[in-house]
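# Secondary and tertiary structure notes
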2 protein chains.
Amino acid sequence: MGTTQLETVPEPKYWHLKTVLGEALDSEFTVGEILPNERELAARFGVARATLRQALEQLELEGRLQRRRGVGTTVAPPRLGVDVSATGAGGPGAPEDAWQPLDCALVAPPAAVARLLETGPSEEVHAVRRVRSTHGQCVAAELLYVPAASVPDLPAIETPSGPARARSVLRELQRAGVNGQDRSVELGSARADDAKELDRLPGAPVLVVTTRYLVDGRTAAVSLATYRADTCRLTFGDTGEIEISDDPQRERRAS
Amino acid sequence: MGTTQLETVPEPKYWHLKTVLGEALDSEFTVGEILPNERELAARFGVARATLRQALEQLELEGRLQRRRGVGTTVAPPRLGVDVSATGAGGPGAPEDAWQPLDCALVAPPAAVARLLETGPSEEVHAVRRVRSTHGQCVAAELLYVPAASVPDLPAIETPSGPARARSVLRELQRAGVNGQDRSVELGSARADDAKELDRLPGAPVLVVTTRYLVDGRTAAVSLATYRADTCRLTFGDTGEIEISDDPQRERRAS
DNA sequence: GAGTGGTCTAGACCACCTA
DNA sequence: AGGTGGTCTAGACCACTCA
C-alpha cells in the first residue's frame, strides 16, 4: 500500500465540477436565470475553460442548462413531456400540440428507410416534412417517407411541392387505412436541416423516433422524427402527462 | 454583398471530419475492425487531436464507433433492438434476453421518484437492482423502487439484502396484480454505479426509461432503467424486431 | 513497458447576439 | 462595439490494457 492510492480513485475535475454546479443549480438558481459567463466560471473554479465547458456540456445534455451563442447560459426548465404514443400520421393532437406540414418532395430515401419500406434501392418516394410544436415551442422535425404505391389516388401533379402538396399526401395516406404502427427510439445527432428547425446547432443530441405505419400488416410509410433531446421527455403511456406542479410564478433575478 | 461570405458558411472542421470518417466507415471498414489511433488519425487529417476527438465523439454518440481506453477505437455493429414494450416487472423474456436481480436495499428514493410514488419526503422504500442482458451483453441497469405498502405480504426479515431478497420483492409485486404501466424515455448520463454495470465510463450517454407500474390505477412501483445509448435502439411496437440479417460470422483482424 | 484513449491547460480566433 | 458561447491548437500528463 505504499504507492497505490487507497481505494480513492481521483475523480475527474469536470465530473466533480458537474456535481458542484448541479447542486448549486438546485439551491441557488431559479429557472431562466443567467449564469456567469464561461471565462468567469472557469476562473472562479480555478480550471481551464475547456474543463469548465466539459461540465456544462454534461449538464446541458441532462437538460439542466441551456446555452446559446452570443447570449449566455441559462437554467433550463424541467423537460417537456411529449406524447409519442398513438397519435397517428395526421393525429388529432391537442390545440397546443400539433404537427405542421411544411413541404413535400420526391426523393430517393436513405438506405435504412428503403430497407423498412421494402422498396427498390433507388425508387423515389414522397417525403413530407413536418415540424411539431408544443406550448409554442418547436420540439421535433420529421421526415415522413410515403411510397407512391401507398397513396394510389393521389392527384398526379397539382402542385409539385409546398404545404398543400404535403397535406394531400397525408390525407391520402390516412385514407389508405393505417391500422397499426411500431416505433423505436434511439440517440442521434441533428443533421444540418433538422438543427435549423429545432433552433440548435448541427450535431446537437436528438432522440430519433422511427415509426412504421402499417396497412394490413404491410409497411405503408416510414417516419423519422427527431426530437430535441435536451428539452424533451418522450412519453408512451396513456396517462403520461406527469407534470410537476410548481408554483408558476417564481422569483427571477432582476437585471 | 461586399464583406459577407456569399452563402458558403464555413463548416466546422470536426463536422466535416465526421462526415469524411463516416463515409470511410461505410466503404472501407468492416464491423469490429480497429481504426488507427487518435494521434495518427489527427496527423493524417492535419488537425489537432482534440478536434479529431470531437469528430470521434459524435460518431460514437451515433453508435458507429466504440472506444475503449487502453485498447483502441473499433467499428461498432448496428445497434441492438431492445424491446421495451409490455414485458412486466418480472416479465417472461426470451431465453437470450432477461433481467437478472442483483440486490435489494431499503433507501429513501430520489425526489423525482418520491413524487411519482406519492410517498413522503423521506419514507424508505425497497430498491431492487437489476441488470438486463441481451445476446450475452449487458445493455441496461435498473433501479426498481417499491414502497412497502405495495408488497404487504413480504416476509419481514428473511435476508436483509442480496438477490434472494430482490426476487422476493419482485414476486410479491407481481402478486399484487400489476395491471397497467406507462413509460417515458429521456436522455441522461450514466451515474458511476450504472456506468460500472454497463462497462462504460461515468457520464456516458444513456437512455433513461422511467416506468410507473399501476395497480388499479394507483402507482405501485417506479423503475428507472438506464440503457446504453450508444449500442441500443429501444423498440416499442409489437413487431419491433427488425434485425438486419447479416452473416453472423465476420472477419476480424487477427492480432 | 509500450500503446491506447481520457483529462487538462492556456492560449487564440471565430460566429453570433444585443445594444 | 463589446460580450457570449463555439471552434481549434499544441502541448502535457494520467489511467487503463495487454503482451
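Fair warning: this is a prediction, and the values are worked out from it, not measured in the lab. (Residues numbered from 1 in each chain as written. Chains lettered and ligands numbered in written order. Predicted model: local features only at pLDDT ≥ 70, side-chain atom pairs only at ≥ 80, totals over all residues. Heavy atoms only, no water.)

This part takes up the confidence of the model for chain A. In this model, chain A carries an average pLDDT of 84, and 83% of its residues clear a pLDDT of 70 or more. Counting contacts from residues 1-7 of chain A, a segment whose pLDDT is below 50, to residues more than four positions away or on other chains yields one contact. (pLDDT = per-residue confidence, 0-100. Contact = heavy atoms within 4.5 Å.)

Residue and element names in this part refer to chain B. In terms of burial, strand β8 (residues 205-215) is largely enclosed, as ten of its eleven residues are buried. Relative to β8, strand β7 (residues 180-189) runs antiparallel, the two being bridged by ten bridges. Pairing of glycine 188 across the sheet is with valine 206, part of β8. One ladder, built from ten bridges, connects β8 with strand β9 (residues 218-228); its direction is antiparallel. Along β9, the bridge assignment pairs valine 215 with arginine 218. Two successive antiparallel strands, β8 and β9, enclose a turn made up of two residues, where aspartate 216 displays a positive phi of approximately 55 degrees. (Buried < 20%, exposed > 50% of the residue type's maximum accessible area, 1.4 Å probe, protein only. Helix = DSSP H or I, 4+ residues; strand = E, 2+ residues; numbered from the N terminus. Pairing = 2+ DSSP bridges.)

Before going further, it helps to spend a moment on the relation of the copies chain A and chain B. By a simple turn and slide, chain A fits onto chain B: the slide is 0.0 Å along the axis, the RMSD is 0.0 Å, and the turn is 180 degrees. Taken together, the rotation angle and the small translation identify this as a two-fold axis. The overlap is high: 100% of the interface residues of chain A also sit at the interface in chain B, so the same surface is used on both sides. (Least-squares fit on C-alpha atoms with pLDDT ≥ 70 in both.)

All right, on to the domain arrangement of chain A then. All names here are of chain A. When the domains of chain A are assigned, the result is domain 1 (6-75) and domain 2 (80-253). Facing eleven residues of domain 1, the contacting portion of domain 2 comprises eight residues. Interface area lost by domain 1 to domain 2 is led by Thr30, Glu60 and Leu61, which between them contribute 38%. Inspection of the domain 1/domain 2 interface yields one salt bridge. Between glutamate 60 and arginine 200 there is a salt bridge, with its nearest N and O atoms 3.3 Å apart. (Domains from an automatic or database assignment. Buried area = accessible area lost by both parts, 1.4 Å probe. Salt bridge = Lys/Arg side-chain N within 4 Å of Asp/Glu carboxyl O.)

Applying the stated criterion across every chain yields a total of two aromatic pairs over all chains. Seen in terms of ring centroids, phenylalanine 236 of chain A and phenylalanine 236 of chain B are 3.8 Å apart; in terms of plane orientation they differ by 0 degrees. Their pairing is stacked. Within this pair, whereas phenylalanine 236 of chain A is found in the segment after β10 (232-235), its partner phenylalanine 236 of chain B is found in the segment after β10 (232-235), the two belonging to separate chains. Here phenylalanine 236 of chain B falls in the buried class, since its relative accessible area comes to 14%. Ring plane angle 85 degrees and centroid distance 6.5 Å describe the contact between tyrosine 14 of chain B and tryptophan 15 of chain B, whose orientation is recorded as edge-to-face. Given the relative accessible area of 12%, tryptophan 15 of chain B is considered buried. Above the plane of the ring of tryptophan 99 of chain A lies arginine 130 of chain A, whose end atom (NZ or CZ) is 4.6 Å from the centre. (Phe/Tyr/Trp six-rings, centres within 6.5 Å; stacked < 30°, edge-to-face > 60°. Lys NZ or Arg CZ within 6 Å of the ring centre and 35° of its normal.)

Residues given the UniProt feature "domain: HTH gntR-type" (unreviewed entry) here are residues 11-78 of chain A. What you have in residues 11-78 of chain A is 54% helix and 12% strand, and the ends, taken at the C-alpha atoms, are 28 Å apart. (UniProt positions renumbered as here; feature names shortened; annotations may be inferred.)

What follows is about unusual backbone geometry. Residues and elements named next belong to chain B. A positive phi is found at aspartate 199, a non-glycine position, where the angle reads about 60 degrees. Residues other than glycine seldom take positive phi values, yet aspartate 216 does so here, at roughly 55 degrees. The residue aspartate 216 is located in the loop between β8 and β9 in this model. Using a relative accessible area of 63% as the deciding quantity, one classes aspartate 216 as exposed.

Accessible area lost on assembly of the parts is the figure often given for the size of an interface. Counting residues at the interface gives 34 residues for chain A and 34 residues for chain B. Of the roughly 2800 Å² buried at the junction of chain A and chain B (both faces included), carbon and sulfur atoms supply 60%. Contact with chain B buries area across many residues of chain A, yet Val185, Leu187 and Phe236 of chain A alone supply 19% of it, more than any other trio. Seen at the junction of chain A and chain B, the total is two salt bridges. Counting every contact that joins chain A to chain B gives 15 residue pairs in polar contact (both at pLDDT 80 or more). No other element matches strand β7 (residues 180-189) of chain A, which puts eight residues into the side of chain A that touches chain B. Residue composition of the side of chain A that touches chain B, grouped by class: 16 nonpolar, eight polar and ten charged. The pairing of β10 of chain A with β7 of chain B spans two bridges and is classified as antiparallel. The partner of threonine 235 of chain A across the bridge, within β7 of chain B, is serine 184 of chain B. (Polar contact = N/O pair within 3.5 Å; in protein donor to acceptor, adjacent residues only side chain to side chain. Nonpolar A, V, L, I, M, F, W, Y, C, P; charged D, E, K, R; others polar.)

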